[in-house]
Amino acid sequence: EADRKECTQVTHVHEWDPGSVIQAIDHYCRNKEWAMNVGDEKGCILDSVVSEVNPATVLELGTYCGYSTVRIARLLPPHAKLITLEFNPAVAAIARQVIAWAGLEDKVQLVEGASGDFIPRIKEQFGVKTFDLVFLDHWKEYYLPDTKLMEECGLLRKGSVLLADNVVCPGAPDYLEYVRSSPRYESRYFKSHLEYTKVEDGLEKSVFLG
Ligand SMILES: Oc1cc(-c2ccc(F)cc2)cc2cncnc12
Ligand SMILES: [Mg+2]
């Protein structure tokens, strides 16, 4: 099981180093201006789940500025692929720069669009059969419909892991109810805090049982 490892990062801030990109964003958002990155505390839990799954294919719903994209991509094995979807073109443009600065472009494919339109097209457009890991971090009302859509489109296989951010704050009650009560998922809550604050939040890890 992915347990919370103490996650200490000592990095020097220079380009091509994903660790320094992560550290720079965390420093800015903690000290200058809050932003809705998954952050360093939940980020360590994300790291441990990514390391445990060691995925060849990853889908991220909600790129934002690319912070979690970099966190995930830096841990991927050489030929692994991360597809990340962002609805807002302005932040997608920023994310492209952040991903490039971390030197991770060849592991990441950033797509602009709406999840409901995009998910049914993934198989034929990106040649992906199923995802080993899905990180849900977009608008909370879409967690449940998009999960059902991924099931219907055959994008999940026995053992696929869904990891959802913000299941407490802002909260995704219908999604939690679904993955916790469905016999098709084995679900576990990782208690943490809303990025850069003391407010409770957490990640829900749900394994699809097929
Ligand atoms: O991590 C997140 C946090 C918040 C958020 C905003 C305002 C607030 F007061 C509390 C929490 C919103 C998000 C939207 N999409 C993805 N991730 C998010
Ligand atoms: Mg979030």
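Conventions and cut-offs
- Residues numbered from 1 in each chain as written.
- Chains lettered and ligands numbered in written order.
- Predicted model: local features only at pLDDT ≥ 70, side-chain atom pairs only at ≥ 80, totals over all residues.
- Heavy atoms only, no water.
- UniProt positions renumbered as here; feature names shortened; annotations may be inferred.
- Helix = DSSP H or I, 4+ residues; strand = E, 2+ residues; numbered from the N terminus.
- Buried < 20%, exposed > 50% of the residue type's maximum accessible area, 1.4 Å probe, protein only.
- Donors = N, O, S within 2.8 Å, 3.2 Å for Na, K, Ca; no water.
- Near = heavy atom within 4 Å.
- Polar contact = N/O pair within 3.5 Å; in protein donor to acceptor, adjacent residues only side chain to side chain.
- 1 Å grid on protein atoms, 1.4 Å probe; cavity = no way out; pocket = protein on both sides within 12 Å on 5 of 7 lines; lining within 4 Å.
- Sits in = over half its atoms within 2 Å of the grid points.
- Salt bridge = Lys/Arg side-chain N within 4 Å of Asp/Glu carboxyl O.
- Pairing = 2+ DSSP bridges.
- Axes fitted to C-alpha atoms, helices over the stretch in contact; angles between N-to-C directions.
- Points joined across faces, edges and corners; volume = space filled by probe spheres on them.
- Nonpolar A, V, L, I, M, F, W, Y, C, P; charged D, E, K, R; others polar.

Looking at an unreviewed UniProt entry, one finds the protein chain named catechol O-methyltransferase, with Cyclopterus lumpus as its source organism. Among the UniProt annotations of the protein chain, the heading Sequence similarities (unreviewed entry) holds the following wording: "Belongs to the class I-like SAM-binding methyltransferase superfamily. Cation-dependent O-methyltransferase family."

Trainee: Can you tell me about the overall build of the protein chain, naming the residues and giving the values?
Mentor: When helices and strands are counted, the protein chain shows 9 helices and 7 strands. C-alpha extents for the protein chain along the principal axes are approximately 45 × 35 × 30 Å. Looking at the protein chain residue by residue over its 210 residues, the buried ones come to 52%.

Trainee: Any details on the coordination of the magnesium ion (ligand 2)? Residues and values, ideally.
Mentor: Listed as protein donors to the magnesium ion (ligand 2) are Asp 137 (OD), Asp 165 (OD) and Asn 166 (OD1); their distances from the metal cover 2.0 to 2.3 Å. Here the donor residues of the magnesium ion (ligand 2) are spaced in sequence according to D-x27-D-N. Residue Asp 137 is found in the loop between strand E4 (131-136) and helix H7 (143-152), and its partner Asp 165 is found in the loop between strand E5 (156-164) and helix H8 (167-171); the two are separated by 28 residues along the sequence. Overall, the relative accessible area of 14% leaves Asp 137 in the buried class.

Trainee: I'd like a description of the site of ligand 1, backed by residues and values.
Mentor: Around ligand 1 sit Trp 34, Met 36, Asp 137, His 138, Trp 139, Lys 140, Asp 165, Asn 166, Cys 169, Pro 170, Leu 194 and Glu 195, and that is every residue in its neighbourhood. Measuring from an oxygen atom of ligand 1, one finds a side-chain N or O atom of Glu 195 at 2.5 Å. If you map ligand 1 onto the pockets, it falls in the largest pocket.

Trainee: Please provide a residue-by-residue account of the pattern of salt bridges, values included.
Mentor: Inspection of every chain in the model, using the stated rule, returns 13 salt bridges. The shortest N-O distance in the salt bridge between Arg 30 and Asp 40 comes to 3.0 Å. With Arg 30 in helix H1 (residues 18-31) and Asp 40 in helix H2 (residues 39-53), this pair connects stretches of sequence that are 10 residues apart. You can call Arg 30 partly exposed: its relative accessible area is 46%. What you see here is one network of salt bridges that share partners, running through Lys 42, Asp 165, Glu 195 and Asp 201.

Trainee: Got a sec to walk through the sheet that holds strand E1 (residues 57-61)? Specific residues and values, please.
Mentor: Reading across the sheet, the 7 strands line up as E3-E2-E1-E4-E5-E7-E6 and stay open at both edges, with mixed pairing between neighbours. Each edge of the open sheet carries a strand with a single partner, namely strand E3 (108-112) and strand E6 (185-193). Taken over all neighbouring pairs, the strand axes of this sheet differ in orientation by 15 degrees on average, direction set aside. When E4 meets E5, the two strands line up parallel, connected through 5 bridges. If you follow Phe 131 over to E5, its bridge partner there is Leu 156.

Trainee: Would you mind going over the layout of surface pockets in detail, with residue names and values included?
Mentor: Considering only enclosed or pocket space, the largest pocket measures out at about 490 Å³ in volume. Lining the largest pocket are 25 residues, and of these Gly 62, Glu 86, Asp 137, His 138 and Trp 139 lie nearest its centre. Taken together, the elements giving at least two residues each to the lining of the largest pocket come down to strand E2 (81-86), helix H5 (115-118) and H8. Taken together, the residues that form the lining of the largest pocket break down as 13 nonpolar, 7 polar and 5 charged.

Trainee: Pulling in residues and values, what's your account of the side chain of Ser 182?
Mentor: Considering the arrangement of structural elements, one finds Ser 182 in the loop between helix H9 (173-181) and E6. Within the local environment of Ser 182, its side chain forms a polar contact with the backbone nitrogen of Arg 184, the two atoms lying 3.0 Å apart.

Trainee: Tell me about empty space enclosed by the protein, residues and numbers included.
Mentor: Under the counting rule described, the total for this entry stands at 1 cavity of 30 Å³ or more. Volume-wise, the largest cavity comes out at about 40 Å³. Around the largest cavity, the lining residues are Met 36, Asn 37, Val 38, Gly 62, Thr 63, Tyr 64, Cys 65, Gly 66, Tyr 67, Ser 68 and Asp 137. Classifying every residue of the lining of the largest cavity gives 5 nonpolar, 5 polar and 1 charged.

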